[in-house]
Amino acid sequence: MEFHQNGTKTKPPEIPLVNGTALTHLNSLFQTQFSANIDPSRTFVSKVKRLIVKVGTAVVTRSDGRLALGRIGALCEQLKELSSQGFEVILVTSGAVGLGRQRLRYRKLANSSFSDLQKPQGELDGKACAAVGQSSLMALYDTMFSQLDVTSSQLLVNDGFFRDAGFRKQLSDTVNALLDLRVIPIFNENDAVSTRKAPYEDSSGIFWDNDSLAGLLALELKADLLVLLSDVEGLYSGPPSDPNSKLIHTYVKEKHQGEITFGDKSRLGRGGMTAKVNAAVCAAHAGIPVIITSGYATNNIIRVLQGERIGTVFHKDAHLWSNIKEESAREMAVSARVSSRRLQILKSEDRSKILLAIADALEKNASAISLENEADVADAVAAGYEISLISRLTLKHEKISKLAKSVRMLASMEEPIGQILKRTEIADKLILEKISCPLGVLLVIFESRPDALVQIAALAIRSGNGLLLKGGKEAQRSNAILHKVITSVIPNTVGDNLIGLVNSRDEIPYLLKLDDVIDLVVPRGSNKLVSQIKESTKIPVLGHADGICHVYVDKSANIDMAKQIIRDAKTDYPAACNAMETLLVHKDLSNNGGLNELVLELQREGVKLYGGPRASGLINIVGTSDFHHEYSSLACTVEIVEDVLDAINHIHEHGSAHTECIVTEDCEVAEAFLSQVDSAAVFHNASTRFCDGARFGLGAEVGISTSRIHARGPVGVEGLLTNRWILRGSGHVVNGDQGINYTYKELPLEA
């Protein structure tokens, strides 16, 4: 079987048989397969057996009224495929009136004299159009289905028929008999003999268009799904031609009924989107799921039955579905983008003023912030959280003051947006500029560190980015008040939607789907959190999964300096990602007492030591089962290595490419370490705790990246920028590169 699209032939998507039915396959599809296009809220389609498809006039005819043979052919091929897979398929079709009008106009023109053509042409009788068009329409369906070895049948009905209980029973019996014989019933309203005054008026009957007929048939024939094919992708919040209109994936009457603005009715038929929505709402209320989608695509019905997220779903339980959360998440992301563009057009000094206002607001509200934070800490202690988490969670006055200071530092930085990074003369009077610009919208997910919220928000404002923040539940009160304090000073010209606070963890999966409106995800937390996010999104992820930081003490090290560095690297803030987790010691230090001094220094600070195979027996400590382990507490691993090359190999094999340090007085050994260790930050005779955005002079950091693309190490303002190209010419054209002399001359940067 073939689909025809753009003049080419392609095979339709297959729905393979499992245990003899497509239904079993579809059911297993949702248990074993998930992709970005499969919507878990549409699992109801896995139970579909009886399907009603309604196709509108705008789908079966072209804009000039002639039949759209390609679309009808593709429709028939889909229905044939579904019928052969065990689905019971019923078709409700419009198009008879439009087709009849086109044929009668041609006939009238052919039979008219010249004088007749000079007279005003009256509108053709709608019932006559229906009578002429119906036979032509059914002849076409019969021909196409016959070519596919499918038998179809015609059933013409009027609204008045359904008032008769006997008719309804006979209708059901007839359809069941046809479906048992694998015949596809084709329904249409019999406009030719309708008793209503005009075919475009509501007779106040049971139905008055084929959309409502399809809805009524879905109830009478106990369909499992109704698909209404339209000339647009689904239901939009306004006319589809309006660029501000948005496709509504899940219709919720309580939410959308008062928000939608309908455009004109169908260009050819009586219904239009208003009729489709009315029919869909009624059917869904009665328990029949409905999907409105485009009939222009060649395989949308099959895609619907595979659970893809296309069109608009109507379902009696839609208000309970999490799709609403997804729409809410999308609205939040879109609002952040709109606000970020307003922020970007402000003058540099105005953006700096916002940061200064935030710093002042933090200090002014320090007592209220501390009060909420203390409540979070008390709950965390009562819940039995680890000491390392409680340490990260605590936000005392001193830390608030430091945060305000870092925000003021960002405010005083050189303007990062719109900086000319490179200027090149491509040809005479044709100048190309590479200019810094914001990434767009950031989603930052962090655990148990409310101070991170302030740093990230300040960085986003300085770099002109929109921001969505999701903190850990253990810091919910702290995050809420910090968000309130920060957004309260953002001017109305930008809007407080610039920084959105995500309150529920359940919203994260929906945010991670928004690769079209969120530009970067930055996770700050455990290895598990970062790994889960990387596996769950198409959005670029910046961050590190582990902070396995090493300090290597070489044989030439100053032992007193080494003791000072390892003490600071391990005990200054054990919960930090830049804290030392593994101490590597040159083998010679185990013979001259240097190793014992280092071990005693750590033990005096209360550090629990675990040894590698060589160290555990030598200094009598518990052996470790895994060198790739982040303690985030007063514990670390100790191991003996042969030399600097052995230390480098150990780091490459067991590290996380975060931060490494060498302590040595041998400059040649130091340079070998600095040049060969492949980590984001590598230090000589300095604690790993210096790997921090504020300590690097970045003002703050959104996180530390161990990836090798875009940004690496502590990520400040620069890491939240990308670039774009500006070309200024004076009527230059390519014209096959004829008549243009490329110069490629580097020019000095200009403000």
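Basis of the calculations
Residues numbered from 1 in each chain as written. Predicted model: local features only at pLDDT ≥ 70, side-chain atom pairs only at ≥ 80, totals over all residues. Heavy atoms only, no water. UniProt positions renumbered as here; feature names shortened; annotations may be inferred. Buried < 20%, exposed > 50% of the residue type's maximum accessible area, 1.4 Å probe, protein only. Helix = DSSP H or I, 4+ residues; strand = E, 2+ residues; numbered from the N terminus. Pairing = 2+ DSSP bridges. Axes fitted to C-alpha atoms, helices over the stretch in contact; angles between N-to-C directions. Parallel < 35°, antiparallel > 145°, perpendicular 65-115°, else oblique. Left-handed = near helix turned anticlockwise from the far one by under 90°. Contact = heavy atoms within 4.5 Å. Core = buried A, V, L, I, M, F, W, Y, C linked by side-chain atoms within 4.5 Å. Salt bridge = Lys/Arg side-chain N within 4 Å of Asp/Glu carboxyl O.

Going by what an unreviewed UniProt entry lists, the chain is known as Delta-1-pyrroline-5-carboxylate synthase and is assigned to Vigna angularis var. angularis. What UniProt records for the chain under Function (unreviewed entry) is the sentence "P5CS plays a key role in proline biosynthesis, leading to osmoregulation in plants."

> Even after reading the chapter, I still don't get the pairing of strand β11 (residues 420-427), so can you show me in this structure?
It is a general feature of regular strands that their side chains alternate between the two faces of the sheet. Counting buried positions along β11 yields 6 of 8 residues, so the element is predominantly enclosed. When β11 meets strand β12 (residues 430-438), the two strands line up antiparallel, connected through 6 bridges. Looking at the pairing, Thr-424 lines up with Leu-432 of β12. With 4 bridges connecting them, β11 and strand β27 (residues 742-747) associate as antiparallel partners. Residue pairing in the sheet places Thr-424 in a bridge with Glu-746 of β27.

> Would you mind going over the packing of helix α13 (residues 348-364) against helix α17 (residues 450-463) with me for this structure?
Packed helices, taken two at a time, are described by the angle between their axes plus the distance between the axes. Running from N to C, α13 and α17 cross one another at 165°; their axes reach a closest spacing of 9 Å. Relative to α17, the element α13 is oriented roughly antiparallel. α13 and α17 meet at a crossing whose hand is right-handed. Here Ser-348, Arg-351, Ser-352, Ile-354, Leu-355, Ile-358 and Leu-362 of α13 lie close against α17, whose contacting residues are Val-454, Ala-458, Ile-461 and Arg-462.

> Before we go on, may I ask you to explain the nonpolar core in this structure?
The nonpolar side chains of soluble globular proteins are, as a tendency, buried together. Counting 50 residues, the largest nonpolar core has Leu-362, Val-444, Leu-467, Leu-469 and Ile-499 as its most contacted members. Looking at this core element by element, the count peaks at 9 residues for α17. When neighbours within four sequence positions are excluded, Leu-469 is seen to be in contact with Val-444, Phe-446, Leu-453, Ile-456, Ile-499, Gly-500, Leu-501 and Val-502. Judged by nonpolar contacts, the second largest core, of 39 residues, contains Phe-87, Leu-225, Leu-229 and Ile-310.

> What is the right way to look at the pattern of salt bridges in this model?
Any two side chains of opposite charge can pair, on the condition that their charged atoms come close. Under the criterion given, the structure shown has 30 salt bridges. Arg-330 is paired through a salt bridge with Asp-516; the nearest N and O atoms lie 2.8 Å apart. Here Arg-330, found in helix α12 (residues 323-344), pairs with Asp-516, found in the loop between α19 (508-511) and β16 (520-524); they are 186 residues apart in sequence, far enough to count as distant. One salt bridge connects Lys-563 with Asp-560, and the closest N-O pair in it is separated by 3.7 Å. With Lys-563 and Asp-560 both in helix α21 (residues 559-571) and 3 residues apart, this pair spans about one turn of that helix. Ionic contacts of the salt-bridge type, sharing partners, join the residues Lys-54, Asp-211 and Lys-276 into one network.

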